[in-house]
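Topology and contacts: notes
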Amino acid sequence: MTQATPTEITGPEAIERVRELVEDIDFTMLTTRDAAGNLVSRPMSTRQMDEGGDIWFFTLEHTDKVVQAESDPEHDVGLSYLDAKDHRYVSVAGRANIVHDRAKMEELYSPSLDIWFEKGLDTPDIALLRVTPVECEFWEPAHGKLVVAAGMLKALVTKDTPDDLMRHGRVTC
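Just so you know, these numbers come straight off a predicted model, no measurement behind them.

Another aspect to go through is helix H2 (residues 64-71). Where H2 is concerned, the buried positions are Lys65, Val66, Gln68 and Ala69. One side of H2 carries all its buried residues, which in axial view fall inside an arc of 165°. In H2, the exposed residues that point more than 90 degrees away from the buried face are Asp64 and Ser71. Along its buried surface, H2 packs onto strand E2 (27-33), strand E3 (39-45), strand E5 (55-60), strand E6 (76-83) and strand E7 (88-99).

Before going further, it helps to spend a moment on the packing of aromatic side chains. The full count for this structure, using the stated rule, is two aromatic pairs. Through a chain of ring-to-ring contacts, three or more aromatic side chains come together here, namely Phe58, Tyr109 and Phe117. The residue whose ring lies beneath Arg17 is Phe138, and the NZ or CZ to ring-centre distance is 5.0 Å.

This part covers the pairing of strand E9 (residues 166-172). Bridge analysis of strand E1 (residues 7-9) against E9 gives three bridges, and the strand direction is parallel. Residue pairing across strands places Thr7 opposite Gly169, the latter belonging to E9. Alignment of strand E8 (residues 126-141) against E9, held across seven bridges, turns out to be antiparallel. Looking across to E9, one finds that Glu137 is bridged to Arg170.

So, on to the pairing of E5. Across the six residues that make up E5, a large majority, five, are buried. The sheet contact formed by strand E4 (residues 48-49) and E5 spans two bridges and is antiparallel. Following the sheet pairing, Met49 is matched in E5 by Ile55. In textbook terms, the turn of a hairpin is the stretch between consecutive antiparallel strands, and for E4 and E5 this stretch comprises five residues, one of which, Gly53, has a positive phi near 100°. Pairing analysis gives six bridges linking E5 to E8, with the strands arranged antiparallel. Residue pairing across strands places Trp56 opposite Arg130, the latter belonging to E8.

The next point concerns the environment of Tyr81. Tracing the backbone shows Tyr81 in strand E6. If sequence neighbours within four positions are ignored, Tyr81 has contacts with Val22, Ile25, Phe27, Thr28, Thr46, Ile55, Phe57, Arg88, Tyr89, Val90 and Val92. A distance of 2.8 Å separates the side chain of Tyr81 from the side chain of Thr46, its partner in a polar contact.

Okay, the pattern of salt bridges next. Opposite charge on two side chains lets them pair, provided their charged atoms get close. Counting across every chain of the model gives 14 salt bridges. Between Arg95 and Glu74 there is a salt bridge, and its shortest N-O distance comes to 3.9 Å. Of this pair, Arg95 sits in strand E7 while Glu74 is found in the loop between H2 and E6, placing the two residues 21 residues apart along the sequence. Residue Arg95 is classed as partly exposed on the basis of its relative accessible area of 32%. Note that Asp83 and Arg88 form a salt bridge whose closest N and O atoms lie 2.7 Å from each other. Side by side, Asp83 and Arg88 carry an identical accessibility label, which is buried. Ionic contacts of the salt-bridge type, sharing partners, join the residues Glu8, Glu135, Glu137 and Arg170 into one network.

Let us look at the side chain of Glu140. Turning to its location among the elements, Glu140 is positioned in strand E8. Among the polar contacts listed, one links the side chain of Glu140 to the side chain of Arg17, at a separation of 2.3 Å. If near-sequence neighbours (up to four positions away) are discounted, Glu140 is found in contact with Arg17, Leu21, His87, Arg88, Leu165, Met166 and Arg167.

Criteria and thresholds
- Residues numbered from 1 in each chain as written.
- Predicted model: local features only at pLDDT ≥ 70, side-chain atom pairs only at ≥ 80, totals over all residues.
- Heavy atoms only, no water.
- Buried < 20%, exposed > 50% of the residue type's maximum accessible area, 1.4 Å probe, protein only.
- Helix = DSSP H or I, 4+ residues; strand = E, 2+ residues; numbered from the N terminus.
- Arc of directions from axis to C-beta.
- Contact = heavy atoms within 4.5 Å.
- Phe/Tyr/Trp six-rings, centres within 6.5 Å; stacked < 30°, edge-to-face > 60°.
- Lys NZ or Arg CZ within 6 Å of the ring centre and 35° of its normal.
- Pairing = 2+ DSSP bridges.
- Polar contact = N/O pair within 3.5 Å; in protein donor to acceptor, adjacent residues only side chain to side chain.
- Salt bridge = Lys/Arg side-chain N within 4 Å of Asp/Glu carboxyl O.

Encoded structure:
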């Protein structure tokens, strides 16, 4: 179903490619490692992927995700994006940091976040979580989503594994 060898993208176009892949996908699963070594994931709403490639989220500072990310020696986290409608899937391995920058918060905040942050930007402990991508992988239709759908339907009928339906890429940031 995917190419055997992923396409490698590096350099300046790497960050732009990741931005193209995730820009329209609001929610991601943020994965950290707990004290017992278990992987723990929770949904997060992406506020922005900036020009430098950093991905920004709002959070409360004293939460398990923040403690877990900061407890990791490298602050390693994972992000998993899924766009089932357009068959786009993106995995981001990155490094997380808490940022207290009021101007950046004002830039990224919207009233839709009030359900999580009762007092808006004046909510105690509100902070930004910045994830800097290190390595990303993506899967997307190689020939458009109609070709993917037709290939999957054919595979169901013929019981054959579909070939060349998805493009698999690796991005080093």
